[in-house]
Amino acid sequence: MKELKQIIHAFSLACKNRQRAALATVVHVEGSSYRGPGARMLITEDGMLTGAISGGCLEGDALRKALTVMMEGKPLLTTYDTSDEEDAVIGVGLGCNGIIRVLIEPLAPEDEAGPMALLQQVIAKRQPSVLVTFFSMDEKWSPRQGTRLLLKENETPKQAGDLPATLSAITKDAANIFETKTPAFIQYPTGDSAFIEYIAPPLSLMIAGAGNDVFPLVQIAEVLGWDVTLIDGRPNYANARRFPTCKLIVTKPEEALRDLVPDDQTAVVLMTHNYEYDKAILKAMLPLPVNYIGMLGPKKKLSRMLSELEVADEHLSRIFSPVGLDIGAETAEEIALAIAAEIKAVFAGKTGVHLRKLPGGIHDRNTAIVASSTH
């Protein structure tokens, strides 16, 4: 989400400077690749790149093709085979061993239904979205391809131009994406394929505590693009001078959630070093759909708290205390790293093991294109 916001900001600057621009999107991958489907990069006519579609091996060629797209004014699907060691364009011996399809779309500032307008709608509200991008395997300059449709739960779809399939058919396929929260690649009777992408809101990190040991965790969270809220009852600690970029809630713990709406993309970390304050926040968070509640302190602190609150077993899987992954952390910075890594692992459904111990590849990029279930 942070990269998406950077792309939108860069496009805004390009429009202000009257520069042409194009958007490159990874729409399909077979085998291994550095970035997966949904990775995006903005290219402006002066050669500036924002975002990334690879580890650096594809960007130069994508820039050249984007300049052509800007001049032609129509989208282009380009295919890179990184397993081909004889490919002089992207270099030799990359070791990725994958086929990567990238859609490059020209951008028009006045197009209120174009890809950038739809992406702006994605970040406008803290709400899950499904974005539909069409591409043609057989006709790389097909004018029908492009980012065309945005769906949000309980909202009317917003589309750009004509669709290669019926809106009802696409909406039914998108409904499955909302349910599974995983992308899909659908082929419609017209021969066009669609990359249907689930985009979750940015992770929201709520930290109870505003002491000095919170600073490193706030800094790491901001680098990762997380939304950070600090909750503390001490105005001399929780203030804009100390935390200028955070949302601040300075109140008693029982009133802390009055102006907050935690959801399933929310992580909570209790680090006030005040037992009663932490306990009150924990009690308030347990009934909510928060998937991660971490707390500083030894196991006996948690055991006592759980006993006093009479916490049901069903909630225990969401509570992480002592908080953080086991990386030998001692300093505040190291502890912050351990906490952030654990949060990322939990929300990604991972365990935090050494990558070298994993069988097979790091990412499963094999993505088959299937016929729409509605036809």
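Basis of the calculations
Residues numbered from 1 in each chain as written. Predicted model: local features only at pLDDT ≥ 70, side-chain atom pairs only at ≥ 80, totals over all residues. Heavy atoms only, no water. Helix = DSSP H or I, 4+ residues; strand = E, 2+ residues; numbered from the N terminus. Expected span 1.5 Å × (residues − 1). Contact = heavy atoms within 4.5 Å. Buried < 20%, exposed > 50% of the residue type's maximum accessible area, 1.4 Å probe, protein only. Polar contact = N/O pair within 3.5 Å; in protein donor to acceptor, adjacent residues only side chain to side chain. Pairing = 2+ DSSP bridges. Phe/Tyr/Trp six-rings, centres within 6.5 Å; stacked < 30°, edge-to-face > 60°. Axes fitted to C-alpha atoms, helices over the stretch in contact; angles between N-to-C directions. UniProt positions renumbered as here; feature names shortened; annotations may be inferred. Domains from an automatic or database assignment. Buried area = accessible area lost by both parts, 1.4 Å probe. Salt bridge = Lys/Arg side-chain N within 4 Å of Asp/Glu carboxyl O. Nonpolar A, V, L, I, M, F, W, Y, C, P; charged D, E, K, R; others polar. Lys, Arg positive; Asp, Glu negative; His and termini not counted. Core = buried A, V, L, I, M, F, W, Y, C linked by side-chain atoms within 4.5 Å.

1. Details of helix α8 (residues 332-348)
Right, on to step 1. The end-to-end C-alpha distance of α8 is 24 Å, a good match for the 24 Å that 17 residues give at a rise of 1.5 Å each.
Right, on to step 2. Among the structural elements, β11 (204-208), α5 (215-223), β14 (266-270), β15 (292-295) and β16 (319-320) are those in contact with the buried residues of α8.

2. Some thoughts on helix α6 (residues 275-285)
Right, on to step 1. Looking at α6, one finds that the buried residues are Y275, Y277, D278, K279, I281, L282 and M285.
Right, on to step 2. As for α6, its buried residues are in contact with β11, β12 (227-232), β14, β15, α7 (299-309) and β16.
Right, on to step 3. Here α6 starts with a cap whose side-chain oxygen sits 3.2 Å from the backbone nitrogen of E276, and that cap is N274.

3. Re the sheet that holds β16
Right, on to step 1. Judged by pairing direction, the sheet is parallel, and its six strands sit side by side in the order β13-β12-β11-β14-β15-β16 without closing on themselves. With one partner strand each, in any of the chains shown, β13 (247-250) and β16 form the two edges of the open sheet.
Right, on to step 2. One ladder, built from two bridges, connects β15 with β16; its direction is parallel. Along β16, the bridge assignment pairs I293 with I319.

4. Some remarks on the packing of aromatic side chains
Right, on to step 1. Enumeration over the complete set of coordinates arrives at five aromatic pairs.
Right, on to step 2. Considering the side-chain rings of F178 and Y198, the 6.5 Å spacing of their centres and the 90° angle between planes classify their relative orientation as edge-to-face. You can see F178 sitting in helix α4 (residues 167-180) and its partner Y198 sitting in strand β10 (residues 193-199), a full 20 residues away along the chain.
Right, on to step 3. Since its relative accessible area comes to 15%, F178 is described here as buried.

5. Focus on the sheet that holds strand β2 (residues 40-44)
Right, on to step 1. Pairing in this open sheet of five strands is antiparallel, and the strands run β3-β2-β1-β5-β4 from one edge to the other. Each of the sheet's edge strands pairs with one partner strand only, and the pair in question is β3 (49-51) and β4 (76-81). The average undirected angle you get between the axes of adjacent strands in this sheet is 25°.
Right, on to step 2. In the sheet, strand β1 (residues 21-31) pairs with β2 via five bridges, with the strands oriented antiparallel. Looking across to β2, one finds that T25 is bridged to R40.
Right, on to step 3. Against the sheet, helix α1 (residues 2-16) engages β1, β2, β3 and β5 (98-107), with an angle of about 15° to β2.

6. Details of the environment of D46
Right, on to step 1. Along the polypeptide, D46 turns up in the loop between β2 and β3.
Right, on to step 2. For D46, a relative accessible area of 46% gives the class partly exposed.
Right, on to step 3. With 34 residues separating them in the primary sequence, D46 and Y80 have C-alpha atoms 24 Å apart.
Right, on to step 4. One polar contact links D46 to Q19, side chain to side chain, over a distance of 3.0 Å.
Right, on to step 5. Among the polar contacts listed, one links the side chain of D46 to the side chain of T44, at a separation of 2.5 Å.

7. A few points about the side chain of T44
Right, on to step 1. For T44, the location among the structural elements is in strand β2.
Right, on to step 2. Residue classification places T44 among the buried positions, given a relative accessible area of 5%.

8. Topic: the UniProt feature "domain: XdhC Rossmann" (unreviewed entry) in the protein
Right, on to step 1. As recorded in UniProt, the feature "domain: XdhC Rossmann" (unreviewed entry) lies at residues 205-343.
Right, on to step 2. As annotated, residues 205-343 has a helix share of 31% and a strand share of 18%, and its two end C-alpha atoms lie 9 Å apart.

9. Comments concerning the domain arrangement of the protein
Right, on to step 1. Each assigned domain of the protein is listed with its residue range as follows: domain 1 (1-199) and domain 2 (204-354).
Right, on to step 2. Computed over C-alpha atoms, the centres of domain 1 and domain 2 are 35 Å apart.
Right, on to step 3. Across the contact, four residues belong to domain 1 and ten residues belong to domain 2.
Right, on to step 4. Where domain 1 abuts domain 2, roughly 440 Å² becomes buried across the two surfaces, and 25% of that area is made up of carbon and sulfur atoms.
Right, on to step 5. If you look at where domain 1 meets domain 2, you find four salt bridges.
Right, on to step 6. For D227, the salt bridge goes to R126, with nearest N and O atoms at 3.6 Å.
Right, on to step 7. Across the domain 1-domain 2 interface, the total number found is four residue pairs in polar contact (both at pLDDT 80 or more).
Right, on to step 8. Looking at the side of domain 1 that touches domain 2 residue by residue, the classes come out as no nonpolar, no polar and four charged.

10. Details of the side chain of R318
Right, on to step 1. One can find R318 in the loop between α7 and β16.
Right, on to step 2. Although R318 is buried, it forms no salt bridge, and the closest oppositely charged side chain is E314 at an N-O distance of 6.9 Å.
Right, on to step 3. Among the polar contacts made by the side chain of R318, one reaches the main-chain carbonyl oxygen of V290 at a distance of 2.6 Å.
Right, on to step 4. Here R318 is in contact with M285, L286, L288, V290, N291, Y292 and I293, once residues within four sequence places are set aside.

11. Observations concerning unusual backbone geometry
Right, on to step 1. For the bond from S321 to P322, the omega torsion is 0°, close enough to zero to count as cis.
Right, on to step 2. Within the element layout of this structure, P322 appears in the loop between β16 and α8.
Right, on to step 3. With phi around 65°, H273 is a residue other than glycine that occupies positive phi space.
Right, on to step 4. Since its relative accessible area comes to 59%, H273 is described here as exposed.

12. Structural notes on the nonpolar core
Right, on to step 1. In terms of nonpolar packing, the biggest core is built from 25 residues, with L205, I207, L217 and I343 touching the most fellow members.
Right, on to step 2. Taken together, the elements giving at least two residues each to this core come down to β11, α5, β12, β14 and α8.
Right, on to step 3. Of all the elements, α8 adds the most residues to this core, at four residues.
Right, on to step 4. For I207, the residues in contact, after removing those within four places along its chain, are V214, L217, V218, V228, T229, L230, I231, V269 and M271.
Right, on to step 5. In this structure, V268, Y277, I293 and L306 belong to the second largest nonpolar core, which totals 22 residues.

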